[in-house]
Amino acid sequence: STASRSSSHKDGSQASVHQKTRKQMIIEKLREQLFKAKAFLINRFLEIYLPMKQFFYNLIHPEYSAVTDVYVLMFLADTVDFIIIVFGFWAFGKHSTADITSSLSEDQVPGPFLVMVLIQFGTMVVDRALYLRKTVMGKVIFQVILVFGIHFWMFFILPSVTEKRFSENTVAQMWYFVKCIYFGLSAYQIRCGYPTRVLGNFLTKSYNYVNLFLFQGFRMVPFLTELRAVMDWVWTDTSLSLSSWICVEDIYAHIFILKCWRESEKRYPQPRGQKKKKVVKYGMGGMIVVLLICIVWFPLLFMSLVKSVAGVVNAPLDVSVKITLAGFQPIFTMSAQQQQLRSVQENEFVNFTKAFVTSDESKTNMALQWLESYFAQDLIIAELKGSSNSLWTISPPSRLNLIEMLGSNEKDFPITVSWSVQRNFSLGAKAETASGKNVMSLVNETRRDLIMLLNGTSSHLKVTIPKFIPRYIRAPSDSDATPVEQLGEDHMFDISLTLMRAQNLSDQIQEWWIVNQLTAGPLDTIDPNREAGLRIYVFSDQVSPPSLGFLAGYGYV
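Think of each chain on its own: its residues are numbered from 1, step by step along the sequence as written. Whole-chain, interface and lining totals are the exception, using all residues; otherwise, since this is a predicted model, local features are given only for residues with pLDDT of at least 70 and side-chain atom pairs are given and counted only at 80 or more. Hydrogen atoms and water are omitted, and side-chain values are computed over all heavy atoms in the structure.

### Examining the overall build of the protein chain
Defined as follows: Put simply, DSSP H or I for four residues or longer makes a helix, DSSP E for two residues or longer makes a strand, and each gets a number counted from the N terminus. The rule is simple: take the accessible area with a 1.4 Å probe, protein chains only, and divide by the maximum for that residue type; under 20% is buried, over 50% is exposed, in between is partly exposed. The criterion used for residue contact is that any of the two residues' heavy atoms lie within 4.5 Å. For every accessible area listed, the method is Shrake-Rupley and the probe measures 1.4 Å; residues are considered covered only by the protein chains on display.
When you go through the protein chain residue by residue, the secondary structure sums to 15 helices and twelve strands. In the protein chain, which comprises 557 residues, the proportion classed as buried is 33%. When contacts within the protein chain are restricted to residue pairs at least 6 apart in sequence, those whose partners lie at least 24 apart make up 70%. Carbon and sulfur atoms provide 62% of the accessible area of the protein chain, an area that totals close to 35300 Å².

Structure follows, in C-alpha cells:
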C-alpha cells in the first residue's frame, strides 16, 4: 500500500507539471501572435503614414521650387464667393424665397446669412495672415481643414438644410466651382512656396492710367486701405510703429501716383513752356466745369421740375379731427371721406386766391407767394359733420373729476384738437398719415360754461372757443400736417361746443357733443339755419412719380 501511494503521488505531480508546461506554451504562442499582430499593424500604419509624411514634407521642404505669387487670384476667387453669398443667400437657406435685400431694408439681418458672411470674410483674413507670414505649413493645415469642412458642408449639411440635392442648387454649384478654383490656386501656391517679398499692392506693379484709376478707386473704398495697412503691420516683422507704417504706406501711394503721371508724360510728351491746346482745355476742363455745375445745381433743378412738371397729385383719402378735454375721453371725433372731400374747380381757386388781396400789401404778398406753389387740384375742402360719430361715455367718477378740474382756478385747463390727413402711400408719400395738433388753455368764463353743460343746468348753451381749429392745413409728403400761418390771421377759426342728451329705448341717457364752425372761410357761406359742421381747407403737396421716387425721396439735402 505504501508503494501504491508513492506511485500515485508521482503520477499526480507529473500531470500537474505537464499541465503547467502546456499553459506556458499556450501563453507563449499568444504572445507570439500578439507581437506578430502588433508588428503587422505597425507596418501597415507606417506604409500609410510614411508616404503621407514624405508627401507633406516634400511640399513644405522641396528640393527646388519656382517661387510664384498667386495670392491676388486667390483673393479674387474669395471675393467672387463673397458676392455669391450676398446676392444668392436664398439658395443656402431653408426657405428659397427669402430675399436678403428686403430683410436688410427692414433692419433685420438673418442669423445664417451673418454666419456665412463672417466665415467667408474670416477665411480671407486668415489667408492674408498666412500670406504675410509666408508659412507654408500653416497654409497646408488651413487647406486641409477647408477641403474637408467645405465638402462635408456642401454635400451633407447643405442638402439637409435646403431639402434640395446639390445637383439641383445652381447657386451652390457656382459657389463650389469658384471655391475649387481657389483650392487649385492654393495647392499651386503651396507647391511653389511663398515669395520672399510679399508686401506691396498688385495694382502698383505697372504705371498706366488703368492701374492709376483702379488704385484710386481702391483707396476710396471706406476702411479697406486702413484694414489692409493694419493687417500688414500686425503680420510683418518691423520696427515701425503703426502710425509710422501707415505714413509709409501713404508715401508709397503718393509716389506711385506721381510715377503714373510721369509715365503718362513720357508716353504723351508736351513741350515745356507751351500752353495747353484748346481741345484739351475746353474738352477736359469744360466737361469738368459742366459736371461740377450739374452736381451743385442738379438737386434743386431736379426737385423743382419733378414736382412742378411731373408731379402727381396725392389727394387726401381721409381727414379726421379729434377734440379732447385735458387727458379725459375725447368729446368729439369725426372724419371726412369720399364725397365729403370736395375738389376745388379752377374758377373757385381763382376766387380763393383773390380773397387774400387786402390793403395790407405785406400780408397779401406773403399769402400770394405761398399760394404760387399750389394749383386747384392740390386743394381739397373737407366737410366734416358737426355731430360726433361716437357717444360720450365718460364714467361718473371721471365726470366729477372733470368738473372739479374745470372749477379749480389754480391750474391751467388745456383743450386739445388733433387732426390727421391720410394719403395713398403707394403714390410716393414718405408717410401714409400726416398729423398735427393745437393745445390751448381755457379761460375762466369758458370753464364755467362747460361746467354748466356738464351739470345739465343749461342744455342749449353753446360754449365758444376762439381761434382753435386750423382753417388751412398743409399736408406735405412727410408725417407733419401744420396750419398755414402765411394765409393771414384767420387761419384758425372759432367753434362752438354743445352737449346733447337723449334717452334710448331702455330709458338710458346718451350724450354726444356737437361742434360748429362760427366764422366763414373764403369759399364758405355761414347760414344760421344750416347743419352744424366744419370746413377745413387741405393743401396736399404733389409727390414725385413712382418711377423717380427712389431719387426724389432723399430730398434736397
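### Some words on the sheet that holds strand β11 (residues 509-517)
For clarity, the cut-off: By this definition, two strands are paired if DSSP reports at least two bridges between them. Angles here are taken between N-to-C directions and fall from 0 to 180 degrees, while the axes themselves are lines fitted to C-alpha atoms, restricted in helices to the stretch in contact.
On the basis of which strands lie adjacent, the open sheet formed by three strands has the order β7-β10-β11 and antiparallel pairing. Both outer strands of the open sheet, β7 (463-470) and β11, are each paired with one neighbouring strand and no more. Averaged over all pairs of adjacent strands, the angle between strand axes in this sheet comes to 35°, irrespective of strand direction. The sheet contact formed by strand β10 (residues 492-503) and β11 spans nine bridges and is antiparallel. Bridging from a neighbouring strand, I495 pairs with Q517 of β11.

### Things to note about the environment of R219
By the element assignment, R219 lies in helix α7 (residues 209-220). What makes R219 partly exposed here is its relative accessible area of 30%. Residues within four places of R219 in sequence aside, it is in contact with T225, D250 and A253.

### With respect to the UniProt feature "transmembrane region" (unreviewed entry) in the protein chain
Rules: UniProt positions are given in the numbering used here, feature names are shortened, and annotations may be inferred rather than shown by experiment.
This chain's UniProt record puts "transmembrane region" (unreviewed entry) on residues 70-93, 113-131, 140-162, 174-194, 206-222, 242-261 and 282-306. This span, residues 70-93, is 71% helix and 0% strand, and a straight line between its end C-alpha atoms measures 32 Å. Helix and strand shares over residues 113-131 are 100% and 0% respectively, and the end C-alpha atoms of the span are 27 Å apart.

### Thoughts on helix α9 (residues 242-267)
To be explicit about the condition: Any helix carries an expected span of 1.5 Å times its number of residues minus one.
The end-to-end C-alpha separation of α9 is 38 Å, in line with the 38 Å expected for 26 residues at 1.5 Å each. Among all positions of α9, only W245, A253, F256, I257, C260, E263 and S264 are buried. Considering only its buried residues, α9 is in contact with α7 and α8 (224-234).

### Notes on the nonpolar core
The condition is simple: Among buried residues, those of type Ala, Val, Leu, Ile, Met, Phe, Trp, Tyr and Cys that are joined through side-chain atoms within 4.5 Å constitute a nonpolar core.
Counting 45 residues, the largest nonpolar core has I323, L402, L450, I469, I495, L497 and W513 as its most contacted members. Not counting residues within four places of it along the chain, the set of residues in contact with L402 comprises L325, F328, W392, I394, F413 and L454. The next biggest cluster of nonpolar side chains, apart from the first, holds 36 residues, and it includes A91, F113, L130 and F142.

### Some points on the packing of aromatic side chains
Two measures describe an aromatic ring pair: the distance that separates the ring centres and the angle between the ring planes. Applied cut-off: Two rings from Phe, Tyr or Trp (for Trp, the six-membered ring) form a pair when their centres are within 6.5 Å of each other. A pair whose planes differ by under 30 degrees is stacked, one over 60 is edge-to-face, and the rest are tilted. Ring-over charges, as used throughout, are those where CZ of Arg or NZ of Lys falls within 6 Å of the ring centre and within 35 degrees of the ring normal.
Within this structure, the stated rule accounts for 29 aromatic pairs. Ring geometry for F352 against F356: centres 5.1 Å apart, planes inclined by 75°, an arrangement best described as edge-to-face. Classification of F352 by relative accessible area gives buried; the value is 0%. Three or more aromatic residues joined by ring pairs make a cluster, and in this case those are F349, F352, F356, W370, Y374, Y472, Y537 and F539. The residue whose ring lies beneath K179 is Y182, and the NZ or CZ to ring-centre distance is 4.7 Å. The ring of Y207 has K259 sitting right over it, with the charged end atom 4.2 Å from the ring centre.

### Some remarks on the side chain of K179
With respect to the helices and strands, the residue K179 is situated in helix α6 (residues 170-192). Excluding residues within four positions of it along the chain, K179 makes contact with D78, D81, Q120 and I150.

### Focus on the pattern of salt bridges
Note the following rule: Any carboxyl oxygen of Asp or Glu within 4 Å of a side-chain nitrogen of Lys or Arg constitutes a salt bridge here.
Under the counting rule described, the total for this entry stands at 21 salt bridges. One salt bridge in this structure joins E32 and K36, with 3.6 Å as the shortest N-O distance. One end of the pair, E32, and the other, K36, are both in helix α1 (residues 2-60), four residues apart, so they sit about a helical turn from each other. With relative accessibility at 43%, the residue E32 sits in the partly exposed group. For K36, a relative accessible area of 48% gives the class partly exposed. In this structure, K467 and D490 form a salt bridge, with 3.5 Å as the shortest nitrogen-oxygen distance. In this pair, K467 sits in strand β7 while D490 sits in the loop between β9 (482-483) and β10, placing the two residues 23 residues apart along the sequence. For K467, a relative accessible area of 42% puts it in the partly exposed group. Look at D490 and you get partly exposed, because its relative accessible area is 47%.

### Describing the sheet that holds strand β4 (residues 379-385)
Here five strands make up an open sheet; going across it, the order is β3-β4-β12-β8-β9 and the pairing mixed. The open sheet terminates on both sides in strands that have one partner only, identified here as β3 (341-343) and β9. Sheet topology places β4 next to strand β12 (residues 533-540); seven bridges connect them, and they run antiparallel. Along β12, the bridge assignment pairs I380 with V538.

### A short note on the packing of helix α2 (residues 71-87) against helix α4 (residues 111-133)
We apply this condition: Orientation is classified from the angle alone, with under 35 degrees giving roughly parallel, over 145 giving roughly antiparallel, 65 to 115 giving roughly perpendicular, and any other angle giving oblique. In this classification, the charged set is Asp, Glu, Lys and Arg, the nonpolar set is Ala, Val, Leu, Ile, Met, Phe, Trp, Tyr, Cys and Pro, and all remaining amino acids, among them Gly, are polar.
At a closest axis distance of 10 Å, the pairing of α2 and α4 adopts a crossing angle of 175°. Put simply, α2 runs roughly antiparallel to α4. On the side of α2, the interface is formed by Y71, M74, F75, D78, T79, D81, F82, I85 and V86, while α4 contributes F113, M116, V117, Q120, F121, M124, D127, R128 and Y131. Partitioning the contact of α2 with α4 into residue classes produces twelve nonpolar, two polar and four charged.

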